[in-house]
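Summary of the model geometry
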Amino acid sequence: MSHYDFNEMSNQLNRIEKDINSNFETVGQKYHELSDRLLTLEQIGGNRFPGEMSTRPASPGAAVAKSFKENSEMFFRSRAMTLEVKTPILQSQVGTVMSEGPTPRPSPVKTALVSAIPTRSIQGVSSLVYSRITDIGQLASVQAGEGALKTNAQPTFSSITQNAITVAGYTEMSEQALKTQGELEKVIDVHLTNSVLKALDNTLIDGTAVSAWPFSGLEALATNYTSATYTLLHDAVVEAAANMRTSGYEPDLVCINPMTFLGIALAKDTSGQYLTGAYMGDLPGILHGMRVTFSSNVAAGKALVIDSRYTELLISDLLNVTFGYVNDGFVRNQVTARGEVSVIPVVRDLGAINLVSPKP
């Protein structure tokens, strides 16, 4: 064999080796891509009913049930187990449409304020320092003359330190129910998760005085606005929204006590027609272009009007569900499931939240 033939054969072998390595990398990438897509499909779930959205994310209950099934042997051996739900609780449950048969039904917390506040994940952050506008300052004005002082148009900022707030709860269920198909998912979604979300909504509005993570709450931080003209709350809300827009805000949320909203829902015009439309029709979800949410924690006879651009609910820790036996639970076949989530509420401008009251 000539020296030329040997070099040519060596070069061809090198090219073949490169092609093989390249193909291995491509196949590996394709394998990981298909694995991720399969995991997504498993999380979404294959039991869809006609008309159900194909993009519906997996519920926390479905994620917990799947993980528990995969690790159930370990639980019954060790009698304790902690599972971390990979689906963010506020993005999978709040404001989505859940299916319980051919007819979709709204999530129980769809009308809660926590479902409307923007959320963002900041995994692992236990404390956040941010700036909050406490005084909007003055508007720029025409200078008095060449060399004269300029108007200080800079707003006043305060440095706010907010620790992550942990909201937790637990529930008990029998071992038989734990092993029943679909029962664990329902307990997590219908009871535990919903209970945690309700507590989050209450904390967002009322705050907490716990020394580890104090938060005043939106109602305490809001600017009080009492109408000098309108005696009906819905009129006062529209007036407050107009004044907020005059100041440069764009209010898009209204949170009101359900019993207070009753007066708005039953209000009639001079001809006896309901202002909100048909008496037995759908619950009005919009008031003067703003989304309506409800909370029994909002003061009766008042309403929170919010520009949501200046508020956030940061997710510091995903929903963690821990299973274990408490006291004589093992003897009674009673398993305790504890769920907790950590959030950091952020309010960047006090003027973006008004607590509105009608004229006394």
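Above: the structure in question.
The shown structure was predicted, so the numbers you read here are calculated from the model rather than taken from an experiment.

How each quantity is defined
Residues numbered from 1 in each chain as written. Predicted model: local features only at pLDDT ≥ 70, side-chain atom pairs only at ≥ 80, totals over all residues. Heavy atoms only, no water. Helix = DSSP H or I, 4+ residues; strand = E, 2+ residues; numbered from the N terminus. Expected span 1.5 Å × (residues − 1). Buried < 20%, exposed > 50% of the residue type's maximum accessible area, 1.4 Å probe, protein only. Arc of directions from axis to C-beta. Contact = heavy atoms within 4.5 Å. Polar contact = N/O pair within 3.5 Å; in protein donor to acceptor, adjacent residues only side chain to side chain. Pairing = 2+ DSSP bridges. Axes fitted to C-alpha atoms, helices over the stretch in contact; angles between N-to-C directions.

**Section: helix α5 (residues 183–206)**
Between its first and last C-alpha atoms α5 spans 33 Å; for 24 residues at 1.5 Å apiece the expected length is 34 Å, and the two agree. One or two positions beyond α5, positive phi appears at G207, with a value near 75°.

**Examining helix α8 (residues 258–265)**
Those residues of α8 that sit buried are T260, F261, I264 and A265. Axial view of α8: buried residues confined to an arc of 150°, hence all on one face. On the buried face of α8, the contacting elements are α7 (233–246), β9 (253–256) and β11 (290–294). By the N-cap criterion, in which a side-chain oxygen at the helix start approaches the backbone nitrogen of a residue two or three places on, α8 is capped by N257, the distance to M259 being 3.0 Å.

**Some thoughts on the sheet that holds strand β15 (residues 353–357)**
One open sheet accounts for 6 strands, arranged β8-β15-β12-β9-β11-β10; its pairing is mixed. Each edge of the open sheet is held by one strand with a lone partner, namely β8 (223–226) and β10 (286–287). In terms of strand pairing, β9 meets strand β12 (residues 303–306) through 4 bridges, oriented antiparallel. Bridge pairing links V254 to V305 in β12. Across the sheet, α8 is in contact with β9 and β11; its angle to β9 comes to roughly 110°.

Read these as layout, nothing more, since geometry by itself doesn't imply function.
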